[in-house]
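# Architecture at a glance
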Amino acid sequence: MRTGVLALVVFCSCSSSHAGDSIDASPDQAPPLDAEVIGAWTSAPPCAATADDIYTTPAPLAAGPRGSIVECALGDELSVAEAQDKLGDDVPAATTGVRVIKLSYRTVRSDGREAVSTASAYLPLVPRTLPVPVILVGRSTAGIADKCAPSRSDLPQQDYALPLAARGFVTITPDFSGLGNEGTHAYLDNHEAATQLFDAALAARALVPGNVVGPPVAALGYSQGGGTVLSAQALEYELTGTRTLRGVAAIATEWPISTKSFDYEAVLRDPDRLTSLAGLSTPVVVVLRQFGFAANRMASGQGGATFPANEASSIISAIESQCTIELGGALNAQQPWLRELVDPTFREQVLACIDGNAAGCTGTGAAFHSWLISDFVTADPAGAAVMIVHGLADQVMSAAKEAACVVAKLRTEGVEPTLCTDATATHASVLGRRIGDAVRWLEAAIDGTVSPSCASQTLPSCSR
């Protein structure tokens, strides 16, 4: 196991910094004079694994605490100019170059089993301050086939992890257990995602010896990752015993908060619709969540238990071989009717549970419904401030069916979010168009300064 990966060279003329120290330098200032950075994160080993090595967990896995590094590999080192070239026009300017690290780290599944997650970390060559603050990044849905692990490509993270790393923060974005490595990713499991996100913060600290990496101070997520960081806001104190997050920004949020989320109830109640007419994401979300549940919470070999028996093989083959967009196309072609995505007995059982019919709420459907309900989380009114960013033309996560309902839930639970909407942005375009707003808002939340306002702050009413 590798625990010392990179070294930060510093001189300090006074007492050493600790993880709980205040962070009061703005990103455009040099680090404090009593911790003057005279070097950079070194590019030399001992981070000697290859990028492919992180996806194979050594057997047996050596003992170690959660967050400890299993494998790590050096990635690209970007200069300030190179980092700037990869940022959007409206993103705050890069103030430092960035070193990319690929890694795997110890964590746990939501049922307590020991596990390993892979991740990408972005380390600023010149940190914002010491200890270096960490920003946790929730990535979007990629699928759950191993080849779909976001850490295998830098392209997604460049959109939302790099802008903050280039401002002097350590950023880390996990794939989550079973995506890229052994096992099956528990898709849309709020508790597991939040747990592994906070363990990623421990991994970020383990990358660099000397206690120079601080606690997580903010979180940013897009799509599935938006839901992940909102779950982190809700569960931070429960999972860590602290509240160090100051701001959480969720963009184009996919957050399971109801059995109606992502039109799941509509699929169950009207199975005779064409799969192609159910929306761009709904069929994919249905099969990924059901498969993730069955593979992780039922007996071995029961991953297809929620699918019709005559369709299970083709659905599982598509899930295990194709990423999100290709998977959606495969489902439209192979299972043209929604009834071909959900076993009829399972459907009846889940609906009985939803409708309060105790006699019919049995079997696998009852187990799945129980997990769904238990996994909804409650926002923490004493926790981090929240920003919701959404495109009103989002055809994947509808503003009325998803974002507006998320905002209504937050308000009911005592959290008043900052809203930033874009009248013409789609699910695909809102990130590029509004990432600058999220970065500026997060920096203000971290610094305790006045949050910048967004030009548009209007959402429709929640309608499901």
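Residues numbered from 1 in each chain as written. Predicted model: local features only at pLDDT ≥ 70, side-chain atom pairs only at ≥ 80, totals over all residues. Heavy atoms only, no water.

### Section: the overall build of the chain
Along the chain, the regular secondary structure elements total 13 helices and 9 strands. Each of the 464 residues in the chain was classed as buried or not, and the buried ones make up 58%. On the chain, roughly 17000 Å² of surface is accessible, and the fraction owed to carbon and sulfur atoms is 52%. (Helix = DSSP H or I, 4+ residues; strand = E, 2+ residues; numbered from the N terminus. Buried < 20%, exposed > 50% of the residue type's maximum accessible area, 1.4 Å probe, protein only. Areas by Shrake-Rupley, 256 points an atom, 1.4 Å probe, with all protein chains shown as cover.)

### Things to note about the sheet that holds strand E6 (residues 213–222)
The strand order across the open sheet built from 9 strands is E1-E2-E3-E5-E4-E6-E7-E8-E9, with neighbouring strands paired in mixed fashion. With one partner strand each, in any of the chains shown, strand E1 (69–78) and strand E9 (418–422) form the two edges of the open sheet. On average, adjacent strands in this sheet sit at an angle of 20° to one another, irrespective of strand direction. On top of the sheet, helix H13 (residues 430–447) reaches strand E4 (132–138), E6, strand E7 (247–251), strand E8 (385–391) and E9; it is set at about 170° to E7, its chief contact. (Pairing = 2+ DSSP bridges. Axes fitted to C-alpha atoms, helices over the stretch in contact; angles between N-to-C directions. Contact = heavy atoms within 4.5 Å.)

### Focus on the pairing of strand E2 (residues 98–108)
Among the 11 residues that make up E2, 11 are buried, leaving the element largely enclosed by the rest of the structure. Relative to E2, E1 runs antiparallel, the two sharing 7 bridges. Looking across to E2, one finds that Cys72 is bridged to Leu103. With 11 bridges connecting them, E2 and strand E3 (residues 114–124) associate as antiparallel partners. Pairing of Arg99 across the sheet is with Leu123, part of E3. What sits between E2 and E3 in their antiparallel hairpin is a turn of 5 residues, with Gly112 showing a positive phi close to 95°.

### Some points on the pattern of salt bridges
Between side chains of opposite charge, a pair can form when the charged atoms approach closely. Tallying each qualifying case throughout the model produces 22 salt bridges. Between Glu114 and Arg106 there is a salt bridge, and its shortest N-O distance comes to 3.1 Å. Exposure remark for Glu114: the relative accessible area of 64% places this residue in the exposed category. A residue is classified by how much of its surface remains accessible, and Arg106, at 6% relative accessible area, is buried. The shortest N-O distance in the salt bridge between Asp263 and Lys401 comes to 3.3 Å. Of this pair, Asp263 sits in the loop between E7 and helix H6 (264–269) while Lys401 is found in helix H12 (residues 399–412), placing the two residues 138 residues apart along the sequence. Taking the relative accessible area as the measure of exposure, Asp263 reaches 23% and is therefore partly exposed. Overall, the relative accessible area of 32% leaves Lys401 in the partly exposed class. When salt bridges that share partners are traced, they join Asp90, Asp422, Arg433, Arg434, Asp437 and Arg440 into one network. (Salt bridge = Lys/Arg side-chain N within 4 Å of Asp/Glu carboxyl O.)

### Observations concerning the confidence of the model for the chain
Averaged over all residues, the pLDDT of the chain equals 89, while 89% of them reach at least 70. Confidence drops under pLDDT 50 across residues 1–45; counting only partners more than four residues distant or on other chains, this segment forms 109 contacts. (pLDDT = per-residue confidence, 0-100.)

### Thoughts on the packing of helix H8 (residues 312–319) against helix H9 (residues 324–334)
Each pair of packed helices gets described by two things: the angle between the helix axes and the distance between those axes. Packing of H8 against H9 brings their axes to within 9 Å, and their N-to-C directions diverge by 165°. With respect to each other, H8 and H9 are oriented roughly antiparallel. When you trace H8 past H9, the crossing you get is right-handed. Each of Ser314, Ile315, Ala318 and Ile319 in H8 lies in contact with H9, whose residues at this interface are Leu327, Ala330 and Gln334. (Parallel < 35°, antiparallel > 145°, perpendicular 65-115°, else oblique. Left-handed = near helix turned anticlockwise from the far one by under 90°.)

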